[in-house]
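# Descriptive structure summary
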Amino acid sequence: MKKLLFDKLERAYDFINNEEDARICKDISDAACRYSPLNYFVLILSNTLSKLGDVLGNPKTVLAWLMQYVNAPLALISFIVPIRESGSMLPQIIIANYIRRLPVRKWVWVLGSVFQFLSMTGIGFVALNFEGTKAGVLIIVLLILFSLSRGFCSIASKDILGKTIPKTRRGRLNGYSTSISGLLVIISGLWMSFKSKEDPGINYYTFIIFLAAVLWLFAALVYAKVKEYPGETEGGRNGLKEALQKLSIVKTDKSFRKFIIARSLLLCSALVAPFYIVLAQKYIGSQSILLGLFIISNGLSSAISAPYWGKKADESSKNVLVIAALIASLLGIVVFFIMLWVPVLRDNMWFYPIAYFVLGIAHSGVRLGRKTYIIDLAGGNKRTEYVAVSNSLIGVILLVTGGVSALLSIFSVEGIVLGLSLLGIVGAWVSSALKETD
């Protein structure tokens, strides 16, 4: 039975990746290559489950509304997005040194996913039983645990992907999982749009939270099936001391330093997204159907564009970064001028989900491009080091940039969209100077 299933996975893998003759085993061992079909589909399924969980537990939508529903202070609500994103990045440079001591690292991802399940379940129970400041503080504490758990998953996933899937196949894997989860997000958005007309209460919001939690648990169970061979290890050192030493690679490795600069500038595609929603609320109002439309736009953009970006990233991940950044930036500039001088579009409800759809396509390209680039740029045990240093530095930069953007948005939302878009153009220019990784 197992052999029959393995044979079917092999045929499906060869069909998807157009492998008619000898299987490509670039950048992985022959032993690992034998199990690449199995690992390919296991990773797609687990990534799909975790990505859908991310959407249902999104701090910009569901968690923010949940905290507002339980009357948590506004000051606490303002912390959820920075904690969710930066909290998972900042500790990675320290965490990496301990993960690197493990010859088999898939259990790091499994453990991280289980803790995401536990922390998100805790948030659901807090929302059902507490209100006000107490509920807000407890949710923040659980969100910190959740974010740290994401850090373990993030740093382990890229290393495991590099150990189990051949180069030129990694971008497509990320593309397919993003596409499938995008289709499921569309279904979720349609359901939310329908339910939002019925004045949903606390049970509705906590159901979404509990569902997200279960998805991370299932993702952990699936990921445990990855066939991973022992890899290089490095241990016996102080984690913090070595982490500080590893920062020197930014100075010594020119290619890596350029990537860090480019990735920092390309944060614009992520940071600008909430301001599209703010603009919609400003000019259209807080119509409940808009939430579902934005979620559908985001899911549809991923479902349509991710396979294309994944394929292109396998050909040239740096070109994907350039093209995607230009799309996001030019869109922002167009939106800025429409807000000021084209009221017929500015006052049309459908304009904003459509713009968000285009932004989602661009952001999907940026994400897939930079993930594929850093995995291909590093080799062997350097992957963990590169990912850890990169994410830790980006975590700091994200906090600073996000804080400045949030402060300036008080004065002009349109100006922030324009400013971030101009940064994106600079990011595209810097990305064009990156070296090819093949």
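Residues numbered from 1 in each chain as written. Predicted model: local features only at pLDDT ≥ 70, side-chain atom pairs only at ≥ 80, totals over all residues. Heavy atoms only, no water.

For the structure shown, the criterion picks out 9 aromatic pairs. Relative to Phe337, the ring of Phe336 lies with its centre 5.4 Å away and its plane at 80°, an arrangement referred to as edge-to-face. Residue class for Phe336 comes out buried when judged on its relative accessible area of 14%. On the basis of relative accessible area, Phe337 is assigned to the partly exposed category, the value being 41%. Members of the aromatic cluster, joined through ring pairs, are Phe336, Phe337 and Trp341. (Phe/Tyr/Trp six-rings, centres within 6.5 Å; stacked < 30°, edge-to-face > 60°. Buried < 20%, exposed > 50% of the residue type's maximum accessible area, 1.4 Å probe, protein only.)

If you look at the biggest cluster of nonpolar residues, it comprises 87 residues, and the most contacted ones within it are Met120, Ile123 and Phe256. With 12 residues, the single largest contributor to this core is helix H11 (residues 202-223). The contact partners of Phe256, leaving out residues within four places of it in the chain, are Ile249, Val250, Ile374, Leu377, Tyr386, Val389 and Ser390. Counting 32 residues, the second largest nonpolar core, distinct from the first, contains Met89, Leu279, Tyr352 and Leu359. (Core = buried A, V, L, I, M, F, W, Y, C linked by side-chain atoms within 4.5 Å. Helix = DSSP H or I, 4+ residues; strand = E, 2+ residues; numbered from the N terminus. Contact = heavy atoms within 4.5 Å.)

The subject of this paragraph is the confidence of the model for the protein. For the protein, mean pLDDT is 79; residues scoring 70 or higher make up 78% of the total. By mean pLDDT, the top-scoring element of the protein is helix H8 (residues 106-129) (93), and the lowest-scoring one is helix H1 (residues 2-16) (58). (pLDDT = per-residue confidence, 0-100.)

This paragraph deals with the environment of Thr133. Tracing the chain through its elements places Thr133 in helix H9 (residues 132-164). For the pair formed by Thr133 and Val70, sequence separation is 63 residues and the distance between their alpha carbons is 8.9 Å. When neighbours within four sequence positions are excluded, Thr133 is seen to be in contact with Asn71, Pro73 and Leu76.

This part is about helix H14 (residues 254-265). Every α-helix carries 3.6 residues per turn, so stepping three or four residues along brings you back to the same face. In this model H14 runs 17 Å from its N-terminal to its C-terminal C-alpha over 12 residues, within 8% of the 16 Å that 1.5 Å per residue would give. Within the span of H14, buried status applies to Ser255, Phe256, Phe259, Ile260, Ala262, Arg263, Ser264 and Leu265. Where H14 starts, the residue carrying a side-chain oxygen 3.2 Å from the main-chain nitrogen of Ser255 turns out to be Asp253. (Expected span 1.5 Å × (residues − 1). Polar contact = N/O pair within 3.5 Å; in protein donor to acceptor, adjacent residues only side chain to side chain.)

Turning next to the environment of Ala428. Relative to the helices and strands, Ala428 resides in helix H21 (residues 413-432). Residue Ala428 is classed as buried on the basis of its relative accessible area, which comes to 3%. Placed 110 residues apart in sequence, Ala428 and Lys318 show a C-alpha to C-alpha distance of 9.4 Å. When residues no more than four places from it in sequence are discounted, the contact partners of Ala428 are Leu266, Val322, Ala325 and Leu326.

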